[in-house]
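Residues per chain are reported as follows:
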Amino acid sequence: MARRIAGTPGRPGLRVKLRRGAGPQASARRRAAAEPEAPASLPTREELRAFLRAAGGTVGKSQIVRHFGLGVEHRPALRALLKELRAEGSAAPSGRRSFRHAANLPETAIVEVFGTDPDGDPLARPVNWENGRPPLIYMRPEPKGQPALAPGDRVLARLKPAGREKYEGRTIRRLAEQGSSRVLGMFEKGLVRPVDRRIRADWRVPPGEENGAGDGDLVLAEPLPGHGLGLRPVRVLERLGRIGEPRSVSLVCIHAHGIPDAFDGEALRQAEHARGVGPEGREDLRDLPLVTIDGEDARDFDDAVHAEGDGKGWQVTVAIADVAHYVRPGSALDREARRRGNSVYFPDRVVPMLPEALSNGWCSLRPDEDRGCLFVRMHFDAEGRKQSHRFGRGLMRSTARLTYEAVQSAHEAGEARFDELYGAYRALLGAREKRGTLDLDLPERKVELSPEGKVLAVRPRARLDSHRLIEEFMVAANVCAAEELERLHQPCMYRVHDRPSDLKMEGLRQFLDTFGLSLPPGNELRPRDFAQLLEQVKDRPEERLVHETVLRAQSQAEYAPDNIGHFGLALRRYAHFTSPIRRYADLLVHRALIAGLRLGPDGLTSEEAQGFTETGEDITRTERRAAQAERDAVDRYLAAYMADHVGATFPARVSGVTRFGLFVTLDTNGASGIVPIRVLPDDRWEHEEGAQRLVGRHTGLAFSLGQPVEVRLAEAMPLTGSLTFDLLQGDPRVGRKAGVKRPAAGRARSGASSRQR
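In this text, all values refer to a predicted model and were calculated from it rather than measured experimentally.

## Some details on the overall build of the protein chain
A tally of helices and strands in the protein chain yields 17 helices and 35 strands. Expressed as a percentage of its 757 residues, the buried residues of the protein chain come to 53%. Long-range pairs, those at least 24 residues apart, make up 68% of the contacts in the protein chain between residues at least 6 apart in sequence.

So this is what it looks like as structure tokens:
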């Protein structure tokens, strides 16, 4: 649906307030209630999914019956079909006899305010949303006399569809005290300036509520009750440090995301009392020349590898630190590990899942030191097809701590010592390519810091064959772990990855169509189809943009005891086994293997197994929390680095098109910022969601996704990770119909990371 938004100098773009009941989803909903001609049989899954999605909200069984012209004899089959859609996650119950598409929200729902739009109106998202990126809810202003909604407020809201993945909300009832969430920000001149870029307003600290805070302090504050006109009041609860200090960025992210960073005293005592293991009850692997291969900045080493050929194929051994020996079910260490779910990695520090005495000590496979391990020995034929595997509990000694760069350099220099590792890798890689997997080439950004904590550079992290070698060995070991637990009839914490939802694929196909690209229908879609698509755009200007958009279209991987396979890896079963130092899921898999193979008394307990569903949900949540915190830290470090380059110009591309402006991403280091619509050339702008363009109604100018542009950095805000750019010029070689672009200047006053695009 095109939205017309005025953008004239001196007059901000007018926000479009959607008429209630308007829009294509509302029309679809009215059609859903109409009586069509009756088909001859029960609808297919795809037809029923499409109907629920088009309805936009709750649909009763009677509406489904009327729409498809079903008779009484069809009702048992319809119930079974709806049950199947619920099981696969396409349909969600809404009351006793009503359903909705899982990607749609019901007519009423509990929502939480998380920020404001450029006009200052509250934005919200549904609470406990678990279907990928949550829909955006534009909350209507509160009635006169009622306090405005603020970030952290939860309300029961009545919702109306307002476009794809967008809703308009009206408060029915507040469910929490206003401003019940805490505020993290910088204290300055009696104000707290939030570090969360989604919160546009500052908070006022009344006299006597400063708690000793001074200008430039990073503080944690609590909203105070009672609020009239002006900024809302808060009291300072805690001073956390100084903004600009070397470790302040990661400190902001730790507190902003609620990551536990202090261990319980009993857990620390248990870790300090840990000791090494002996050979009793273990296979002695100390004569096997196992090596660890990690990044230069790695802080813990929990996997070691070895490979050798036998003339017919390859034998690969993967040995993993025996964390289960030290972290027993129900212990203080176990409770702390479960609470964290995983380690969190920042450029200047690690918040570990286990205390340092274990994570960097007895559970780290240091060279020339005896360590307990769980291992898997795998046999592959010359084509990389697995012939057999065997798990055991052993005592090992790493012969070397190697880095990816050193291994790669030695191999490229013709040194023979890594030939067998690379030989096994090439066989496994060939099998992977035949299987057809989704392999997105989106390099990580590496932040380089000086000893004082100053950002020296932000560069893409190289992805070498040595990285891929370890990845292939780890994937193979993980597959074996899932297969072994199934053979043993043991509970397994699977790593599952569902196929993309129909809704996301619809948007992806519209995007690909602008580049003349396509994908097979949903019921025929395979991971190899994405691989072929990415091969088509290799070395084309839009390559990175297509990779990013394909990634956003995917479902998020998660942990669960019920197996649905791993779509991205094209595997029927998959579990995480290779990193128990930093992932709780791997520790559970180790315990299940120990119990099933009777390798010791410290295996999985029946109580743990009974709680696997809840545990899977918990560690999926902590994993996503950690990933978000790590990305936020890189964004803030990048903004700090870019602060020294204000005024410089950069080549960039339009990486997002919204109703309120353009996102641009630099080609050099991935920095992102926003150009608001109000500073685009004087015109009446229409947002074409399907084509992902902003089009000027009068001039015919168009700004399209993927368009090359030149930008100038106007402002960098390390506190929030926000960057401000002037848009200097689009690509003059592109014709007007294709979306070009006259020179345009504009400034952005708020930034956004790739996650918000």
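Next comes the rest of the write-up.
## Focus on the nonpolar core
In this structure, I293, V305, V318, L358, M378, F473 and F577 are the most contacted members of the largest nonpolar core, which totals 81 residues. Per element, the largest residue contribution to this core is ten residues, and it comes from helix α11 (residues 465-487). Once you skip the residues sitting within four places of it in the chain, F577 turns out to touch I320, L374, V376, F391, A477, N478, A481, D586, V589, H590 and L593.

## Points about the sheet that holds strand β8 (residues 154-161)
Whether parallel or antiparallel, the strands of a sheet pair through hydrogen bonds between backbone atoms. Read around the closed barrel, five strands run β5-β6-β7-β9-β8, paired in mixed fashion. Going across the sheet, the axis of each strand differs from the next one's by a mean of 50 degrees, ignoring polarity. Two strands pair when backbone bridges link them, and β8 and strand β9 (residues 166-174) are joined in this way by seven bridges, in the antiparallel orientation. By the bridge assignment, P161 is partnered in β9 with Y167.

## Regarding the environment of R712
Structurally, the position occupied by R712 is in strand β34 (residues 708-717). For the pair R712 and D726, spaced 14 residues apart in sequence, the C-alpha to C-alpha distance is 4.9 Å. Residue contacts for R712: discarding those within four places in its chain leaves G647, A648, T649, T724, F725, D726 and L728.

## Structural notes on the sheet that holds strand β11 (residues 191-194)
Strand order in the open sheet made by the five strands is β12-β11-β10-β13-β14, with antiparallel pairing throughout. Looking at which strands have only one partner, the edges of the open sheet turn out to be β12 (203-204) and β14 (234-242). Here seven bridges tie strand β13 (residues 217-223) to β14, and the two strands are oriented antiparallel to one another. If you follow P223 over to β14, its bridge partner there is V234.

## Points about helix α10 (residues 419-435)
In this model, α10 (17 residues) spans 24 Å end to end at C-alpha, consistent with the 24 Å of a helix rising 1.5 Å per residue. Its buried side turned inward, α10 meets β16 (291-294), β17 (303-309), β18 (313-321), β21 (370-381), α9 (404-412) and α11. Following α10 by one or two positions, G436 adopts a phi angle in the positive range, close to 80 degrees.

## Some words on the pattern of salt bridges
Applying the stated criterion to the full structure yields 48 salt bridges. For the salt bridge of D370 with R397, the shortest nitrogen-to-oxygen distance reads 2.8 Å. Residue D370 is found in strand β21, and its partner R397 is found in strand β22 (residues 386-397); the two are separated by 27 residues along the sequence. Look at R397 and you get partly exposed, because its relative accessible area is 34%. With a closest N to O distance of 2.7 Å, E484 and R487 form a salt bridge. Residue E484 and its partner R487 are both found in helix α11; the two are separated by three residues, about one turn of the helix.

## Structural notes on the pairing of strand β28 (residues 649-658)
Each regular strand displays side chains that alternate between the two surfaces of the sheet. The buried count for β28 comes to seven of ten residues, which makes it a mostly enclosed element. The pairing of β28 with β34 spans five bridges and is classified as antiparallel. Among the inter-strand pairings, T649 is bridged to a residue of β34, identified as R712. Relative to strand β29 (residues 661-666), β28 is paired through six bridges, and the arrangement is antiparallel. Within β29, the position partnered with R653 by the bridge is T665. Connecting the antiparallel pair β28 and β29 is a turn made up of two residues.

## Quick look at the pairing of β21
Of all twelve residues that make up β21, ten are buried, and the element is covered over most of its length. As paired elements, β18 and β21 share nine bridges and run antiparallel to each other. Counted as the bridge partner of A321 is C373 from β21. Between β21 and β22, which pair antiparallel one after the other, the connecting turn spans four residues, and G384 there sits at a positive phi close to 85 degrees.

## Regarding the packing of α9 against α10
Between α9 and α10, the shortest axis-to-axis distance is 10 Å and the interhelical angle comes to 95 degrees. Our classification of the angle between α9 and α10 gives roughly perpendicular. For the pair α9 and α10, the contacting residues are V407, Q408 and H411 in the first and D419, Y422 and R426 in the second. Here the residues of the contact of α9 with α10 sort into two nonpolar, two polar and two charged.

## Topic: unusual backbone geometry
In the Ramachandran plot, N211 falls in the positive-phi region, its phi being about 55 degrees despite a non-glycine side chain. With respect to the helices and strands, N211 occurs in the loop between β12 and β13. Exposure remark for N211: the relative accessible area of 45% places this residue in the partly exposed category. Although it is not a glycine, R598 sits at a positive phi angle of roughly 55 degrees. Assignment of secondary structure puts R598 in the loop between α15 (584-597) and α16 (606-610). Taking the relative accessible area as the measure of exposure, R598 reaches 78% and is therefore exposed.

## Some details on a negative patch on the surface
A surface patch of like charges, here negative, comprises E308, D310, D419 and E420. Within the element layout of this structure, D310 appears in the loop between β17 and β18. Given the relative accessible area of 56%, D310 is considered exposed.

## Details of the environment of P541
With respect to the element layout, P541 can be found in the loop between α13 (527-536) and α14 (543-553). With 167 residues separating them along the chain, P541 and P708 place their C-alpha atoms 8.6 Å apart.

## A look at the side chain of R659
Inspection of the secondary structure puts R659 in the loop between β28 and β29. There is a polar contact of 2.8 Å between the side chain of R659 and the side chain of Y138.

Cut-offs applied
- Residues numbered from 1 in each chain as written.
- Predicted model: local features only at pLDDT ≥ 70, side-chain atom pairs only at ≥ 80, totals over all residues.
- Heavy atoms only, no water.
- Helix = DSSP H or I, 4+ residues; strand = E, 2+ residues; numbered from the N terminus.
- Buried < 20%, exposed > 50% of the residue type's maximum accessible area, 1.4 Å probe, protein only.
- Contact = heavy atoms within 4.5 Å.
- Core = buried A, V, L, I, M, F, W, Y, C linked by side-chain atoms within 4.5 Å.
- Pairing = 2+ DSSP bridges.
- Axes fitted to C-alpha atoms, helices over the stretch in contact; angles between N-to-C directions.
- Expected span 1.5 Å × (residues − 1).
- Salt bridge = Lys/Arg side-chain N within 4 Å of Asp/Glu carboxyl O.
- Parallel < 35°, antiparallel > 145°, perpendicular 65-115°, else oblique.
- Nonpolar A, V, L, I, M, F, W, Y, C, P; charged D, E, K, R; others polar.
- Patch = residues over 30% accessible without salt bridge, like charges linked within 9 Å, V, L, I, M, F, W, Y side chains within 5 Å.
- Areas by Shrake-Rupley, 256 points an atom, 1.4 Å probe, with all protein chains shown as cover.
- Lys, Arg positive; Asp, Glu negative; His and termini not counted.
- Charge placed at Lys NZ, Arg CZ, Asp CG, Glu CD.
- Polar contact = N/O pair within 3.5 Å; in protein donor to acceptor, adjacent residues only side chain to side chain.

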